[in-house]
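A look at the structure
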Amino acid sequence: MDLRIFTEPQQGASYDTLLAVAKATEDLGFDAFFRSDHYLRMGSGDGLPGPTDAWITLAGLARETKRIRLGTLMTAGTFRLPGVLAIQVAQVDAMSGGRVELGLGAGWFEEEHTAYGIPFPKEKFARLEEQLAIVTGLWETKTGDTFDFHGTYYDLTDSPALPKPAQARIPVLIGGHGATRTPRLAARYADEFNIPFASIEDSERQFARVRAAAEEADRGADSLTYSNALVVCVGKDDQEVARRAAAIGREPAELRANGLAGTPAEVVDKIGRYAGIGSQRLYLQVLDLADLDHLELISTQVQSQLS
């Protein structure tokens, strides 16, 4: 089971804070550092010092880390034109020496679009499908050839399809709870399917839908990686669990029910139950980015037991 650190910087984090977390992620042996792609805080609070852009952040981290994978859960399709996004991600991949992964979603948080003057289209899912076709198509076009795409929302003619990523194929992540269109899209474009903040039972049902869609698309179901994203709150004892839960405005009982929370033994047991239904990778949503001792505890007392 791979463990990856997943951050929500829109809740309030500077680049320096994210750099500290990314370096701890690398030093403590985690597989990857991922971040959300949002421009507005959710819930109460001021969100200071303000939003950071996902791909600018990852470009900086690409030059300041050496081993960990870097990516987004999920880049909002409403924020960037697909041709521009393909260039940005390929460039960051080159800057990292081939360590980038692209999670791409339709975008959903209307308030952040209103706050920063970003159009919020009604047909987001159909746009996402075209975006995936364009981004992957540009990367897959052989050097010297051109790429054309004529869709409902985007039109590309004689694109040189440059630059190319450092990796032969940048892994693409698609995720969500949708019962029909999401599995179909994952079967066509994804290297990894991720379901966020879902129970073991709901995850098992969604993984089965994606596996079935992959088989229907004449693609082996095992060619995808299956993963979960879950909030994490680990403490050496109940008192420390309660302290960490209070720091993020949550209750221990709720976190135990809906996330990975409790003592290391409790969390290892629950991870085992997710592994039992086919989850191969966990994105640990860390909400208190100042608490690097939390990451160290997870590394030494949880991750160390998973091998």
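A brief look at the structure comes next. (Residues numbered from 1 in each chain as written. Predicted model: local features only at pLDDT ≥ 70, side-chain atom pairs only at ≥ 80, totals over all residues. Heavy atoms only, no water.)

1. What about the packing of helix 3 (residues 82-96) against helix 5 (residues 124-140)?
With their axes 9 Å apart at the nearest point, helix 3 and helix 5 run at an angle of 45° to one another. Between helix 3 and helix 5, the angle falls in the class oblique. For the pair helix 3 and helix 5, the crossing hand works out as right-handed. Within the contact between the two elements, helix 3 uses P82, G83, L85, A86, V89 and A90 and helix 5 uses Q131, I134, V135, L138 and W139. Residues that form the contact of helix 3 with helix 5 fall into these classes: nine nonpolar, two polar and no charged. (Axes fitted to C-alpha atoms, helices over the stretch in contact; angles between N-to-C directions. Helix = DSSP H or I, 4+ residues; strand = E, 2+ residues; numbered from the N terminus. Parallel < 35°, antiparallel > 145°, perpendicular 65-115°, else oblique. Left-handed = near helix turned anticlockwise from the far one by under 90°. Contact = heavy atoms within 4.5 Å. Nonpolar A, V, L, I, M, F, W, Y, C, P; charged D, E, K, R; others polar.)

2. Concerning the packing of aromatic side chains
This model, assessed by the stated rule, comprises six aromatic pairs. The structure contains a cluster of three or more aromatic residues connected by ring pairs, namely Y39, F79 and Y116. Of note, R181 hangs over the ring of F125, and the distance from its end group to the ring centre comes to 4.1 Å. (Phe/Tyr/Trp six-rings, centres within 6.5 Å; stacked < 30°, edge-to-face > 60°. Lys NZ or Arg CZ within 6 Å of the ring centre and 35° of its normal.)

3. Some details on the nonpolar core
Ranked by size, the top nonpolar core spans 75 residues in total, and within it F33, W55 and W139 carry the most contacts. Sort the elements by how many residues they give to this core and helix 5 lands first, with eight residues. Among all residues touching F33, those that are not within four sequence positions of it are I5, T7, L18, V21, A22, T25, L58, L61, I68, R69, L70 and G71. Counting residues in each nonpolar core, the second largest holds seven residues, with F6, A32, F34 and L173 among its members. (Core = buried A, V, L, I, M, F, W, Y, C linked by side-chain atoms within 4.5 Å. Buried < 20%, exposed > 50% of the residue type's maximum accessible area, 1.4 Å probe, protein only.)

4. What about helix 1 (residues 15-27)?
Within an α-helix, residues lying three or four positions from one another point in the same direction, as the helix has 3.6 residues per turn. For helix 1, which comprises 13 residues, the first-to-last C-alpha distance of 18 Å matches the rise-based estimate of 18 Å (1.5 Å per residue) to within 8%. Of the residues making up helix 1, those classed as buried are L18, L19, V21, A22, A24, T25 and E26. Buried positions along helix 1 lie against strand 1 (2-7), strand 2 (32-35), helix 2 (54-64) and helix 11 (292-302). Taken from the residues just after helix 1, G29 is the one with a positive phi, measuring 85°. (Expected span 1.5 Å × (residues − 1).)

5. A closer look at the pairing of strand 8 (residues 172-175)
The pairing of strand 5 (residues 100-105) with strand 8 spans two bridges and is classified as parallel. When the sheet's bridge partners are listed, G103 is paired in strand 8 with L173. In terms of strand pairing, strand 8 meets strand 9 (residues 192-196) through three bridges, oriented parallel. Bridging across to strand 9, G175 finds its partner in N194. In this fold, the crossover linking strand 8 to strand 9 by way of helix 6 (residues 181-189) has right-handed handedness. (Pairing = 2+ DSSP bridges. Right-handed = clockwise from strand over helix to strand, strands pointing away.)

6. What to know about unusual backbone geometry
Residue P49 follows L48 across a cis peptide bond; omega there is 10°. In this structure, M74 follows L73 across a cis peptide bond, with omega equal to -20°. With respect to the secondary-structure elements, M74 resides in the loop between strand 3 (69-72) and strand 4 (75-76). If you check the backbone angles, D158 has positive phi at about 55° while not being a glycine. Structurally, D158 can be placed in strand 7 (residues 155-159). For D158, a relative accessible area of 53% corresponds to the exposed category. Residues other than glycine seldom take positive phi values, yet D218 does so here, at roughly 60°. Within the element layout of this structure, D218 appears in the loop between helix 7 (200-216) and strand 10 (225-234).

7. Quick word on the pattern of salt bridges
Pairs can form between side chains of opposite charge once their charged atoms are near each other. Considering all chains together, one arrives at 21 salt bridges under this definition. Between R256 and E266 there is a salt bridge, with the nearest N and O atoms lying 2.9 Å from each other. In this pair, R256 sits in helix 9 (residues 252-258) while E266 sits in helix 10 (residues 264-276), placing the two residues ten residues apart along the sequence. Look at E266 and you get partly exposed, because its relative accessible area is 32%. (Salt bridge = Lys/Arg side-chain N within 4 Å of Asp/Glu carboxyl O.)

8. Observations regarding the pairing of strand 9
Counting buried residues along strand 9, four of its five residues qualify, which places the element largely inside the surrounding structure. Sheet topology places strand 9 next to strand 10; five bridges connect them, and they run parallel. Paired with N194 across the bridge in strand 10 is S227. A crossover links strand 9 with its parallel partner strand 10, the connecting element being helix 7, and its sense is right-handed.

9. With respect to the environment of L292
By the secondary structure assignment, L292 is in helix 11. Judged by relative accessible area, L292 falls into the partly exposed class, the value being 33%. C-alpha of L292 to C-alpha of I277: the two residues are 15 residues apart in sequence and 30 Å apart in space. Here L292 is in contact with A20, V21 and A24, once residues within four sequence places are set aside.

These values are about where atoms sit, not about what they do.
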